[in-house]
Amino acid sequence: MADETDAAPPQPLLAVASAAPLEVAVSEEVLTVVAVPPPVTEKEVSPQQLPPPLEEVVAVVESEKKVPQNLVSFKEESNRLVDLSDSERKALEELKQSVEEALRNGVFNSQPQPPPPPPQSAEKPPEKIEEASEKTEPNPVAESEISTQEETAKDENGKPTPNPTIESILKHESPAKEEVSIWGIPLLKDERSDVILLKFLRAREFKVKEAFAMLKNTIFWRKEFGIDALVDADLGEHLDKVVFMHGFDRGGHPVCFNVYGEFQNKELYQKTFSDEEKRMKFLRWRIQFLERSIRKLDFTPGGVNTIVQVNDLKNSPGPGKWELRQATKQAVQILQDNYPEFVAKQVFINVPWWYLAFYMVINPFLTQRTKSKFVFASPAKSPETLFKLVPIQYGGLSVDYCDCNPDFCISDPVTEITVKPATKQTVEILVLEQCVIVWEVRVVGWEVSYGAEFIPDAKDEYTVIIQKATKMGPTDDPVVSNSFKIKDLGKIVIAIDNPTSKKKKLLYRFKVKPYSN
């Protein structure tokens, strides 16, 4: 269990010193902290201690060709029985009864028979079954079998026994009851099974028959696709920079990043999509990744059992990539048919102008409920949108989503400062010993100038410019990382100059590492 330092930024060791504004257009504020090596402890980020969820915001794409927007953002429903309506509880009980009967009769043990071919004749079928049966010729073979069965249906004393009922025959001939599990959860064994069934009910608007059909088809598909064996299969790691889990959102949901820009690498693209066999291997890898992620979720009522998908379209291959479109359509269909209600939100960042056409391709395959979970953001709005969904201290301050700064991890705390309009904000890190200082800085949306320098205490030493003041735009790297080896005592000064009329959110963290030659 993480302590309070995992959930909140550290308090500065010295008070904030705000200098009176000079007779210039920009005022200046100074924050001074002392660089003290933190105690070395092993900590784990706990989603239960995440900040409370904020109001969901659907970002607007600022371009002439806009991606379709949703007027209402999706809100997750509770899985606790006490929070369900009467009709929802009734539907859940009916579905549980259907599943219980199916387990008892071995319905999930084998694939259903294909439907019979349509009749060749165009004649109208008979209206009454009785009339059709009267015209049927007697079958002497069937009658002899029945008479033989009647003759042998006697007990030990030679007395005839009553004919068995249909229910007893089915019960006698049906396979033994099999324990059916889905995503590692045995059906009808405990309350976690209710959460699974509620996913299918919600995907079919609480229509019990349709939800049961979806569940049955999903179980058949999982057997046909070999999901249980697929989870433990070794499919390689060449796609680990394309799809990966990283951090939590404000509601405690794990965040899955899909970085389509990686497919600009022609070698990787050809290796993944050049033919049907490679596309199927990619599909199996993607499903394996999803299965492994799902099995780490909490399926108890009230637990976090959905994920947030962040789709980064920066440098993504354009709509002319037929192979990618085919693989995407196939994956969308499989995921929607067999993985209901596992996505809390679909976030699309760095959305380019051509995405409208691509969205229209996959749009017919998506339900209205699925589309209500979408959030779109243009390149200019992406940093702000992502920050609102994924807190900095839980994965949002990484230098790169794939190759994070090895000096920091998700659990390292972050200090957050509001930079006022037309203000220069400086952060002073006092250094009391020889060491190496490493730090990360981010201003959400940038539009500011960032610089860093080291000012020694000795009067005969010169100030060292670590980072020359540089204008940072909305499309620049979201995080800047620096380090500096310090031999003499002094202070690191980080300067953020905000010339705009808007408040800016500054986030930073630093570490002290041992000095060595």
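This one's a predicted model, so the numbers in the text were calculated from it and none came from an experiment.

## Concerning the overall build of the protein
Link 1 in the chain: A tally of helices and strands in the protein yields 14 helices and 16 strands.
Link 2 in the chain: Within the span of the protein, comprising 517 residues, buried residues form 42% of the whole.
Link 3 in the chain: Sequence-distant contacts, at least 24 apart, represent 80% of the contacts inside the protein between residues at least 6 apart.
Link 4 in the chain: Surface summary for the protein: the accessible area is close to 29,700 Å², and the carbon and sulfur share equals 53%.

## What to know about the confidence of the model for the protein
Link 1 in the chain: Averaged over all residues, the pLDDT of the protein is 75; the fraction at 70 or higher stands at 69%.
Link 2 in the chain: The low-confidence segment residues 399-404, where pLDDT is below 50, has 13 contacts with residues more than four positions distant or belonging to other chains.

## Regarding the pairing of strand S7 (residues 343-349)
Link 1 in the chain: Across the seven residues that make up S7, a large majority, seven, are buried.
Link 2 in the chain: Bridge count for strand S6 (residues 307-312) against S7 is six bridges, and the pairing is parallel. Residue asparagine 311 lies in a different strand from S7, and its bridge partner there is phenylalanine 348.
Link 3 in the chain: Across three bridges, S7 lies against strand S8 (residues 374-376) in parallel orientation. Along S8, the bridge assignment pairs valine 347 with valine 375.

## Some remarks on helix H14 (residues 382-389)
Link 1 in the chain: A large share of H14 lies buried, amounting to six of its eight residues.
Link 2 in the chain: Among the residues making up H14, those that are buried are Ser382, Pro383, Thr385, Leu386, Phe387 and Leu389.

## Details of the sheet that holds S7
Link 1 in the chain: Across the sheet, five strands lie side by side as S4-S5-S6-S7-S8; this open sheet has mixed pairing. Single-partner strands in this sheet number two, and they are strand S4 (243-248) and S8. For this sheet, the mean inter-axis angle between neighbouring strands, taken without regard to orientation, is 25°.
Link 2 in the chain: Packed on one face of the sheet, helix H10 (residues 276-294) meets S4, strand S5 (254-259) and S6 and runs near 25° to S4.
Link 3 in the chain: Along the sheet face, H14 touches S5, S6, S7 and S8 and points at about 160° away from the line of S7.

## So, the packing of helix H6 (residues 191-203) against helix H7 (residues 208-225)
Link 1 in the chain: Contact geometry of H6 with H7 gives a least axis separation of 8 Å together with a crossing angle of 120°. Compared by their axis directions, H6 and H7 come out oblique. Crossing angle aside, the handedness with which H6 passes H7 is right-handed. Packed against H6, whose contacting residues are Leu197, Phe200, Leu201 and Ala203, the element H7 presents Val208, Ala211, Met214, Leu215 and Thr218 at the interface.

## Thoughts on a negative patch on the surface
Link 1 in the chain: A surface patch of negative charge is lined by Asp457, Asp460, Glu461 and Asp488.
Link 2 in the chain: Considering the arrangement of structural elements, one finds glutamate 461 in the loop between strand S12 (448-456) and strand S13 (464-472).
Link 3 in the chain: Assessed through its relative accessible area of 40%, glutamate 461 is described here as partly exposed.

## Description of the sheet that holds strand S11 (residues 435-443)
Link 1 in the chain: Read from one edge to the other, the open sheet built from four strands follows the order S9-S16-S11-S14, with strand pairing classed as antiparallel. The open sheet is flanked by strand S9 (415-419) and strand S14 (480-486), the only strands paired with a single partner. Neighbour-to-neighbour, the strand axes of the sheet open up by a mean angle of 25°, direction not taken into account.
Link 2 in the chain: As paired strands, S11 and S14 are joined by seven bridges and run antiparallel to one another. Paired with glutamate 440 across the bridge in S14 is serine 481.

## Here's the deal with the packing of aromatic side chains
Link 1 in the chain: Per the stated rule, a full pass over the model turns up 17 aromatic pairs.
Link 2 in the chain: Seen from their ring centres, tryptophan 285 and phenylalanine 289 are 5.8 Å apart, and the 20° between their planes marks the pair as stacked. A residue pair is termed a helical-turn pair when its members lie 3 or 4 positions apart in one helix, as tryptophan 285 and phenylalanine 289 do in helix H10 at four residues. The exposure classification of tryptophan 285 matches that of phenylalanine 289, with both residues buried.
Link 3 in the chain: Put simply, the rings of Trp183, Phe200, Trp221, Phe225, Phe299, Tyr339 and Phe342 touch in pairs and so form one group of aromatic residues.
Link 4 in the chain: Above the plane of the ring of phenylalanine 342 lies lysine 199, whose end atom (NZ or CZ) is 4.3 Å from the centre.
Link 5 in the chain: The positively charged end of lysine 485 is found above the aromatic ring belonging to tyrosine 515, 5.6 Å away from the centroid.

## Quick notes on the nonpolar core
Link 1 in the chain: Ranked by internal contacts, the top residues of the largest apolar core, which has 55 residues, are Val99, Phe108, Ile287 and Tyr339.
Link 2 in the chain: At the level of elements, helix H2 (86-104), H6, H7, helix H8 (227-231), helix H9 (266-273), H10 and helix H11 (322-338) are the ones that each hand at least two residues to this core.
Link 3 in the chain: Val419, Val443, Val480 and Val512 belong to the second-largest nonpolar core, a separate cluster that totals 27 residues.

## Re the environment of alanine 469
Link 1 in the chain: Residue placement: alanine 469 occurs in strand S13.
Link 2 in the chain: Among the residues examined, alanine 469 registers a relative accessible area of 61% and is labelled exposed.
Link 3 in the chain: For the pair alanine 469 and alanine 495, spaced 26 residues apart in sequence, the C-alpha separation works out to 8.0 Å.
Link 4 in the chain: Contact partners of alanine 469, with chain neighbours within four places excluded, come to Tyr450 and Gly451.

## Section: the environment of isoleucine 349
Link 1 in the chain: You can see isoleucine 349 is positioned in strand S7.
Link 2 in the chain: Residue classification places isoleucine 349 among the buried residues on the basis of a relative accessible area of 2%.
Link 3 in the chain: For the pair isoleucine 349 and leucine 386, spaced 37 residues apart in sequence, the C-alpha separation works out to 7.8 Å.
Link 4 in the chain: Aside from chain neighbours lying at most four places away, what touches isoleucine 349 is Val310, Asn311, Asp312, Leu313, Lys314, Ala377, Ser382 and Leu386.

Reading the values: rules and limits
- Residues numbered from 1 in each chain as written.
- Predicted model: local features only at pLDDT ≥ 70, side-chain atom pairs only at ≥ 80, totals over all residues.
- Heavy atoms only, no water.
- Helix = DSSP H or I, 4+ residues; strand = E, 2+ residues; numbered from the N terminus.
- Buried < 20%, exposed > 50% of the residue type's maximum accessible area, 1.4 Å probe, protein only.
- Contact = heavy atoms within 4.5 Å.
- Areas by Shrake-Rupley, 256 points an atom, 1.4 Å probe, with all protein chains shown as cover.
- pLDDT = per-residue confidence, 0-100.
- Pairing = 2+ DSSP bridges.
- Axes fitted to C-alpha atoms, helices over the stretch in contact; angles between N-to-C directions.
- Parallel < 35°, antiparallel > 145°, perpendicular 65-115°, else oblique.
- Left-handed = near helix turned anticlockwise from the far one by under 90°.
- Patch = residues over 30% accessible without salt bridge, like charges linked within 9 Å, V, L, I, M, F, W, Y side chains within 5 Å.
- Salt bridge = Lys/Arg side-chain N within 4 Å of Asp/Glu carboxyl O.
- Lys, Arg positive; Asp, Glu negative; His and termini not counted.
- Charge placed at Lys NZ, Arg CZ, Asp CG, Glu CD.
- Phe/Tyr/Trp six-rings, centres within 6.5 Å; stacked < 30°, edge-to-face > 60°.
- Lys NZ or Arg CZ within 6 Å of the ring centre and 35° of its normal.
- Core = buried A, V, L, I, M, F, W, Y, C linked by side-chain atoms within 4.5 Å.

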